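# Inside the fold
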Amino acid sequence: MEPRLRRLRLAPGPDRRRRPRHADRHAGRAGAGHRGDQPRRRHRTARRPDSGGPGAEHGRPGQAAGTPGRPGTRVTLRHAEVLDESGEPYVANLRSAEATDLYIAAGESEEVYEPAFTVHGFRYVEISGHDDVDVTGRVLHSDTRFTGELVTSDPEVNRLLANIRWGQRGNFVSVPTDCPQRDERLGWLADAQVFLPTACYNADVSAFFARWLRDVIDGRHPGGAFPDVAPVVDRYPVNREGAPGWGDAGVLIPWHLYRVYGDVRTLERCFPAMAGWIDWIESGNPDLIWRDRVGNHYGDWLQIGAETPREVLATAYFAHSATLVARAADVLGRAADAERYAGLAQRVRKAFADAFVGADGSVTGDTQTAYLLALAYDLLPDELVEPAVARLVDAIRRNGDRLSTGFLGVALLCPVLSAHGHDDLAYTLLHQREFPSWMYSIRHGATTIWERWDGWTAEAGFQATEMNSFNHYSLGSVGQWLYARVAGIDQAPGSVAFRDLVIAPVPGGRLTSASARYESPRGLIATAWELKDGAFSLDVTIPPGARAVVRLPIGGGTHEIGSGTHRFTVPQGD
């Protein structure tokens, strides 16, 4: 379901005017880079419904050998993400996008059609007007060098990692779009900010996001509000000021680029707009509960079976963004700004606790996302942290060990559980195969991350056609946790550009091994752990100029190491 150009070759032959055959094509996938001339990993099965089952795998990967037609032959290619129950292209979810290309043959001995200004997101292409043609899929995405790789002992987890990567690849096309197929393809800010930590592990996206932030800043509304989408589209409903969690991306993204890449220049360029966003919220909400100036206020978008109160979510983001603006000011040597915004953040935290936190640690709404926001953004008095964690765990258990989080909550789910000693529950959610879960879509053939947990279910079929993308990376933000906690590659809270590392892999769930490589700004960081014969072994590579604290599981203790390659072994039970 990645956007891709196609190369259609027509060779001599008759025009056999027969019923169009259906090519089940998971499309040509190029390696890292943009529109490579040598697409790779394209071996897929051609499924032909009129034959009653799967067809043969073509000897030439990703192509169907064929014969073209007479002058004037019309060849139509129609693209779709999924098939319906009858095996036909399902295109209702593309809305007004026709996703169709038409080629009229000239009758030459060989003709090649490769559109230069068209891009489609698809898994399947239906070819009609010709009995057989030769088709090559070409991947198109911005040239962001892939820097991360993670492989585990569990094929389903590996499939999830692949889906996350392909969702990123298919949507990082000049701007971080929400989806590559329907009549939208907009640079939604919330989608980008929740997925950015994962994206930074997968690829070097420093220049990609630094450039896009110019669109974000240019798209500000009068008064200082960031937009919902960038570049700005002057069309309702996205031409309003940004919603909580959406507009906040104008603060969160520059800060994260600084943390990961040490990009002070982008942070400095964005700082006036970052501060202006906080000033705009504060001036419209003098009691510091963010109820006004909320734009379209999407809440925890597409949460499932839950409804997190919007003022809870908004005020949590207000506190978090103010905190990050204060930290940015400190980095940039703006002492007065740092003091002002740190003080504001503290007052918003108090307002949040007074308005939404009970004496028993409950948070208004009692949803998974409500507790995740309060815990992740440090909005609770110290004595109420553990009661709130217990309530979060209970909310998940009551839901049958299943998540209920939407776009904003899902990025916090596993990291918060792990931070508070519940790696076991985080792994349970990771491996959960029943709806709603990451593995549910994989069990039903997903090759990228779906827009919604219930995009398709066995009980209800397809969700509403007006909003049901099957390539939407937001819910794949769990990738950050997979790198940081499963593989154990993370940096210390005050570290920048991975100078001070925390190597703390946590075995769990069905996993018996995991290995990861990440080309950080300082060089290669690698881990490989295995549970075998009652022992835990870990190999670690630290780049020059970095240092690391290694925390071993199973009672293996803590070790401080420098650059180089190190090996640790912990007998089980120590």
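What you see is a predicted model, and the numbers here were worked out from it, not measured in a lab. (Residues numbered from 1 in each chain as written. Predicted model: local features only at pLDDT ≥ 70, side-chain atom pairs only at ≥ 80, totals over all residues. Heavy atoms only, no water.)

Moving on: the overall build of the protein chain. From N to C terminus, the protein chain includes 13 helices and 25 strands. Buried residues in the protein chain amount to 60% of all 574 residues. Restricting the contact set of the protein chain to residue pairs at least 6 apart, pairs at least 24 apart contribute 70%. For the protein chain, the accessible area works out to roughly 21900 Å², and carbon and sulfur atoms hold 48% of it. (Helix = DSSP H or I, 4+ residues; strand = E, 2+ residues; numbered from the N terminus. Buried < 20%, exposed > 50% of the residue type's maximum accessible area, 1.4 Å probe, protein only. Contact = heavy atoms within 4.5 Å. Areas by Shrake-Rupley, 256 points an atom, 1.4 Å probe, with all protein chains shown as cover.)

What follows deals with the packing of aromatic side chains. Scanning the model with the defined rule gives 29 aromatic pairs in all. With 6.4 Å between their ring centres and 75° between their planes, Tyr201 and Phe498 make a pair best called edge-to-face. In this pair, Tyr201 is assigned in helix α2 (residues 189-202) and Phe498 in the loop between β18 (489-491) and β19 (500-503), connecting sequence segments 297 residues apart. Grouping residues by exposure puts Tyr201 and Phe498 together as buried. On the basis of an interplanar angle of 80° and a centroid distance of 5.3 Å, the ring pair of Phe208 and Phe209 is categorised as edge-to-face. Overall, the relative accessible area of 9% leaves Phe208 in the buried class. (Phe/Tyr/Trp six-rings, centres within 6.5 Å; stacked < 30°, edge-to-face > 60°.)

Quick look at the sheet that holds β18 now. What the four strands build is an open sheet, ordered β18-β19-β23-β24; its pairing is mixed. Two strands lie at the open edges of the sheet, namely β18 and β24 (557-561), each paired on one side alone. Across the sheet, the mean angle separating the axes of adjacent strands is 25° when strand polarity is ignored. With five bridges connecting them, strand β23 (residues 547-552) and β24 associate as antiparallel partners. Following the sheet pairing, Leu552 is matched in β24 by Gly557. (Pairing = 2+ DSSP bridges. Axes fitted to C-alpha atoms, helices over the stretch in contact; angles between N-to-C directions.)

Attention shifts here to the packing of helix α1 (residues 155-171) against α2. Interaxial distance between α1 and α2 falls to 11 Å at its minimum, and their mutual angle equals 95°. With respect to α2, the element α1 is oriented roughly perpendicular. Touching Ile164, Arg165 and Gln168 of α1 are Phe195, Thr198, Ala199 and Asn202, all from α2. Split into classes, the residues belonging to the contact of α1 with α2 amount to three nonpolar, three polar and one charged. (Parallel < 35°, antiparallel > 145°, perpendicular 65-115°, else oblique. Nonpolar A, V, L, I, M, F, W, Y, C, P; charged D, E, K, R; others polar.)

Glancing now at helix α11 (residues 423-431). Of all nine residues making up α11, seven are buried, and the element is well covered by its neighbours. Residues Asp423, Leu425, Ala426, Tyr427, Leu429, Leu430 and His431 constitute the buried set of α11. In this structure, the buried residues of α11 make contact with α1, α9 (385-398), α10 (407-419), α12 (438-443) and α13 (479-486).

Bringing the environment of Asp191 into the picture now. Along the chain, Asp191 turns up in helix α2. Assessed through its relative accessible area of 4%, Asp191 is described here as buried. A distance of 3.2 Å separates a polar atom in the side chain of Asp191 from a polar atom in the side chain of Ser474. (Polar contact = N/O pair within 3.5 Å; in protein donor to acceptor, adjacent residues only side chain to side chain.)

A separate point is the confidence of the model for the protein chain. With 87% of its residues at a pLDDT of 70 or more, the protein chain shows a mean pLDDT of 88. Overall, residues 10-67 carries pLDDT values under 50, and its contacts beyond four positions in sequence, including any with other chains, amount to 163 contacts. (pLDDT = per-residue confidence, 0-100.)

Consecutive residues of a regular strand have side chains that alternate between opposite faces of the sheet. Pairing analysis gives five bridges linking strand β5 (residues 74-80) to strand β8 (residues 100-104), with the strands arranged antiparallel. Its bridge partner lying in β8, Val75 is registered against Tyr103. With five bridges joining them, β5 and strand β11 (residues 124-128) adopt antiparallel strand pairing. When the bridges of β11 are listed, Leu77 appears paired with Ile127.

Before going further, it helps to spend a moment on the environment of Trp453. Mapped onto the elements of the fold, Trp453 is located in the loop between α12 and β16 (456-457). Exposure remark for Trp453: the relative accessible area of 6% places this residue in the buried category. Spatially, the C-alpha atoms of Trp453 and Phe435 are 7.6 Å apart, while their sequence positions differ by 18 residues. Dropping the residues within four chain positions of it, Trp453 is found in contact with Leu302, Ile304, Leu403, Thr405, Val410, Phe435, Pro436, Ser437, Trp438 and Leu475.

Moving on to the nonpolar core. Counting residues in each nonpolar core, the largest one holds 152 residues, and the members touching the most others are Leu160, Phe209, Trp438 and Leu482. Here this core takes 13 residues from helix α6 (residues 310-331), the largest share from any one element. Not counting residues within four places of it along the chain, the set of residues in contact with Phe209 comprises Phe172, Pro176, Ala192, Leu196, Ile253 and Leu257. Among the nonpolar cores identified, the runner-up in size contains seven residues, and Val75, Leu77, Phe122 and Val135 belong to it. (Core = buried A, V, L, I, M, F, W, Y, C linked by side-chain atoms within 4.5 Å.)

Here the focus is the side chain of Gln491. Mapped onto the secondary structure, Gln491 falls in strand β18. Owing to a relative accessible area of 8%, Gln491 belongs among the buried residues under this scheme. Engagement of the side chain of Gln491 in a polar contact is seen with the side chain of Ser495, the distance being 2.7 Å. When near neighbours in sequence (up to four residues on either side) are disregarded, Gln491 contacts Arg259, Val260, Val496, Ala497, Phe498, Arg499, Asp500, Leu501 and Val502.

Moving on to the packing of helix α8 (residues 368-376) against α10. It is the contact of α8 with α10, at a shortest axis distance of 9 Å, that shows an interaxial angle of 65°. One way to sum up the angle between α8 and α10 is to call them roughly perpendicular. Remark: the crossing between α8 and α10 carries left-handed chirality. Taking contact as the criterion, the partners of Gln368, Thr369, Leu372, Leu373, Leu375 and Ala376 in α8 are, on α10, Gly409, Leu412, Leu413 and Val416. (Left-handed = near helix turned anticlockwise from the far one by under 90°.)

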